[in-house]
Amino acid sequence: MESDWKEVYRVAPLQQHAVSLPLRPTAIAFDTTSELLYVGTDEGYIQSFEGCELRKYTSFRAHTAPPLTPPTDKHVRQILTNRDGVVSISAKSVHMSKRGGPALWNVFDDRFKNLTSMAFTSRGTSEMLVGGAQVSPHITQSSMFTVNLDKGTIGAEVGAIPTDYDVNIMKRTARHIAVGSSGGDVRLLDMNSFQVVKHFEHVHSSGIMDMDTHDNYLVTCGYSFRHNSFILDPLVRVFDIRVQKSLPPISFINATFIKMHPKLSGTAIIANRQGKVDIVDVNNPGATKSFQTSHYTHTAHTAHNQGTVLTQIELSPSGDVLAMMDSDGVVQMWSAFGKRNFTEFGAPVEWPEPPTRPSIVMTDTTPLNSIGMPYFSDPLLSNWDPNMIFEVPNQPHQKIDPETIAATAGIGYAPFNKRYPRNYVASRTRANGNGGLVTAPMFLSQQGRSNSGFAPDSAPSDTNSGHGDEANGRFEVPALYRKHNIKYSKFGIDDFNFGYFNKTKYSGLETNIPNCYMNPLLQLYKYTPRLRNVALFHTATACTIEMCLLCQMGFLFDMLEKANGLNCQATNLLSTFSALPNGMYSSIGVKAPSDKNTAARHGVLDDESNTTTNSAPMMIQSLNRFLLDQTIFELKNTPQPPIASEESELPQVLLIRAVKRQQCMICHKETRPMGDTVTTDLIYPLKPPGHKSLPSFAQIVRQSIQLESTQKGWCDRCKRYQSQHTRKTITKLPDVLTFNVTSSDKNLTHARDYCSQPGWLPDEIGLSITNKMLNVWQGDDLKRVAKRNNNDQVDLRMYELVGFVAQIKEEGSKKHMVSFINVALSDENRVEGESKWHVFNDFRVDEIPKATALDFTPKWKMPLVLCFQLKHERSKIDNRWKDLLDTSLLYNDSLYLGETRQEEQTILLNRESEVPKAGTLVALDAEFVELHKEESEIKADGTKEIITPGRQGLARVSVLRGAGELEGVPFIDDYIAIKVPVVDYLTAYSGIHPGDLDPHTSRRALVSLKVAYKRMWILLNLGCTFVGHGLLKDFRIINIHIPKDQVIDTVNLYALRATSRKLSLRFLAWVVLSDLIQTETHDSIEDANTALRLYKKYLEFEEAGVFEQMMQRIFNEGIRYNYKPPTPPNAPIKDVERLQLAESGVPRSEGSTPQPMGAVEK
């Protein structure tokens, strides 16, 4: 359960003007009548701060130590306030001052030996009782005293406490004064006689640490003596003062501080030194809210940060503000529900009057230094933050060319010439040594029309490619890691210049798709050779399961490799992932186990269906576990044909084999639940006290994999929840180890303390199992053990770091994830020990140094998922799957619901005489339907801005023979069953009618998208050459990448070189083939056959040497008919209207607007 408390401010260590060392706070208290917080120090000073912002108010010295006395005698030990001022005590004095600082009185008495605590008596705030503890066996504070606050005098001596007990802490209740002693006892004293009316013995066996009261409740925490040492009692004791009886205790580990809420009856705030805070109802301890404080401070005193712990907490009289003080002297202010008042009706704080400005009459002889500076409440503009100062180059004015000036001679204005993009001007700056050009055009269409003043192919000019300089790199996110958004022009996403963000041969993934937060994890899997090999070997089998995630991973990994640096998108995989909650189990014939193992159940869907409260870091770590579990689940519950070898089995690659023993600590019944896991959550021990070094990464891995814990669990024999001791024994290690850096949002801060240590994450670790015990080494220890391994003295498995997914936290924006990967492990020609670290930030990919990748000291960078791979021969890239490719789908129908095929024009390939191979020519065309409408808005200047582009889905794909006796005859003509809603069938351009793609109403023999895609994927990997018209857009929507040497696109063969115009298929068919196609609607078989015939004609023209003359004829005919075939004179009126509609349609535009690179008319 999350808490409603949030940190609102913190103040740096208190400074004393006379010395450079910081003061150490020893006491803290809120004012009961003003918005002030008081802090007492070890030098006897009391400093006050106003409001939650802790504005400095006063500082004065209240206590001193006489010569030859211990320096601790001047420590401020407690602070109380009343209507007249501030009261404080030290070991041998009591002091009272006004809130502004002037002293009212100071009481020093020889009978004061070691005062420790004070409390107001029955006379209100005009009298208080002070007491102390034992100093040494020979010096004991055996008496308590009353002090008159109005006069500053000592009253009668009170001997209520026997001399063999001392006073650790005192608190006033409605009827009594509660006194806690170092012996662990609590006594209730009468308010008038100070006699003991109730004695609670051995509340804590070795002393009271803290105590508080409110209404009829008294709560305490303290020490116990166990195992020959003093430890903090794990139980908080609760007492009802009204009936003077003990209530059930509250469990809280290492309870150190406790406060009762002044307004919520029965509510206690409990905290420990490590910063864990619980808000507990003493009547119902199960109703608990928790939060964790952060002790890290941005100060120069880094030596103190290693062992920083809380030293005191204080709750304001209003109950809305909690102040916490740590050992570095930092005061943290926490607020509940955003409220920041210390008191309900606080008196205004009295501030000194600012000096008045003198009235000066300015004359010619008046010296300027007599005027002075005005007083400002805001920082002056001249006091500008150096980090916000940037060099702005002098931008030249845009020159108006002579043609534009001449056009304005007669009418006074001229049309926009369209030779330059609007509001752009060529600029040179000193940033580039060669007078380089800045401001690359965002869209490809702009590059074609821009002048030479732009550098479209230059890489992004990030001055901070890594972490930048040390001053800013730790706190500011360099542009290299920031989130980049895709912008859309009127030509859509095809016009975006992805190449500007990636100059490497490693492809990035686009972000305009639901659940694209998975991109960094998918990249990490792809560059893990063992996972990549298993996925591709499985994909090469005859698996046709529609919702198989492992097949989709294989398709994606193969596409990323073939793209060779071009941008890709994981559309099909993410669509399959999103559909898992509805169709996964039915598609594989397995009964769904109560919605388990589904994406929605695990809270890893990034849409409105995700009802969990998981943050982005928790989602990516849950996703890591879900994907690995899901792929193993699929393989176990579906028949799988044999593949290359048993070494490619996924369980051997991922599963940590373990025996888990769980024993009830009451009845000792032992059970052995499943202990195999695919990933490990790292568990971090508490930070050691003092300045001891933190456990290494290897030690954390060892205790996290070989987990041993004690927690509550159900016992079948006891028939109730009992403490269960659990221990895991590792039996076999996998080839790939993945780690989730933290198991919950609450542990992120704790994990951050470990990750930020220099050199925390090693690039190699070694694991071995000896006598059923797991051992993990790193660094020099690993080298030493490796030498022994060479002598067969130890069975050592060496793992090297593949990469990790990290969270990037930008201030003021949503967190996002990137992946850091050593791509050298996926290089078939890798040299031993070589590393090439790259950062994959969605579609942006950059090479970075290894030291930069493994540096987690910047505050904005936090690792989330780590991946290690076994150093072994089988951990290299294995492309033998291409030789094992199952091609049965090309020769058999795999229909969606088993109906017989009704498309008579389709003739399947002959296994004997028509075996596709490298160079086999096939013609392809596809038709699409619209699944999501384009979302756009009209800006103030009247231009349209695309917010979300329209999304189309594959509806039909036809593949025809490109040669042989059956040339032009289709062997694939698949209609794809679509389960998601279709917003527009685009019938005039696709030939698809409503109901054609619905499995329940279609008259077509439907196939799944997986089957249609896999057939094209098989042809691709067999080396076939694809012929078509405008294939670039088709391949993008299909989500497949075909290398350029396997594509013959007639739109490029017949492109007009002079105008860079792309000609439509319909116009080319009329001019070149004298055919009029697409008269009624588009048909993929007709379009593919037309493109094939155009290619054959191209070969004839080239062979005859008349191709250039033919292109000139095409150009002349295009000018004559506006690049549109004429309407047949005898065509019916209905057909003429349909032709006009097709010619003016948006999806298959025949207009004269120049198309950007990649946009094609059909």
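All values derive from a computational prediction rather than experimental measurement. (Residues numbered from 1 in each chain as written. Predicted model: local features only at pLDDT ≥ 70, side-chain atom pairs only at ≥ 80, totals over all residues. Heavy atoms only, no water.)

(A) Inspection of the environment of Tyr 985 at higher detail. Locating Tyr 985 in the fold gives a position in the loop between β49 (970-976) and α14 (987-990). Separated by 30 residues in the primary sequence, Tyr 985 and Ala 955 have C-alpha atoms spaced 9.0 Å apart. Apart from the residues lying within four places of it in its own chain, the contact partners of Tyr 985 are Phe 928, Val 929, Ser 990, Ile 992, His 993, Pro 994, Gly 995 and Leu 997. (Helix = DSSP H or I, 4+ residues; strand = E, 2+ residues; numbered from the N terminus. Contact = heavy atoms within 4.5 Å.)

(B) Quick peek at a nonpolar patch on the surface. On the surface, a cluster of nonpolar side chains totalling about 380 Å² of accessible area is made up of Ile 360, Met 362, Leu 368 and Ile 371. Mapped onto the secondary structure, Met 362 falls in the loop between β31 (331-336) and α1 (402-411). Classification of Met 362 by relative accessible area gives partly exposed; the value is 48%. (Patch = residues over 30% accessible without salt bridge, like charges linked within 9 Å, V, L, I, M, F, W, Y side chains within 5 Å. Areas by Shrake-Rupley, 256 points an atom, 1.4 Å probe, with all protein chains shown as cover. Salt bridge = Lys/Arg side-chain N within 4 Å of Asp/Glu carboxyl O. Buried < 20%, exposed > 50% of the residue type's maximum accessible area, 1.4 Å probe, protein only.)

(C) Broad picture of the UniProt feature "binding site: a divalent metal cation" (unreviewed entry) in the protein chain. Residues annotated by UniProt as "binding site: a divalent metal cation" (unreviewed entry) correspond here to Asp 925, Glu 927, Asp 1034 and Asp 1087. The greatest C-alpha distance among the residues just named is 12.7 Å, despite their covering 163 residues of sequence, which places them together in space. Tracing the backbone through its elements, the reader meets Asp 925 in strand β45 (residues 921-932). In this fold, Glu 927 is placed in strand β45. (UniProt positions renumbered as here; feature names shortened; annotations may be inferred.)

(D) Representation of the sheet that holds strand β18 (residues 186-190) in the model. Spatially, β16-β17-β18-β19 is the arrangement adopted by the four strands of the open sheet, whose pairing is antiparallel. Sheet topology places β16 (169-172) and β19 (196-200) at the edges, where each strand pairs with a single neighbour. Going from strand to strand, the sheet's axes swing by 20° on average, the running direction of each strand aside. Both strand β17 (residues 176-180) and β18 contribute to a ladder of five bridges, which runs antiparallel. (Pairing = 2+ DSSP bridges. Axes fitted to C-alpha atoms, helices over the stretch in contact; angles between N-to-C directions.)

(E) The arrangement of the pairing of strand β7 (residues 86-89) in detail. Burial of β7 is two-sided: the residues Val 86 and Ser 88 facing one way and the residues Val 87 and Ile 89 facing the other way are all buried. Bridge analysis of strand β6 (residues 78-81) against β7 gives four bridges, and the strand direction is antiparallel. Note that in β7 the partner of Gln 78 across the bridge is Ile 89. In this structure, β7 lies alongside strand β8 (residues 93-97), joined through four bridges in antiparallel fashion. Each residue of the ladder has a partner; that of Ser 88, found in β8, is His 95. Here β7 folds back onto β8 in antiparallel fashion, the turn holding three residues.

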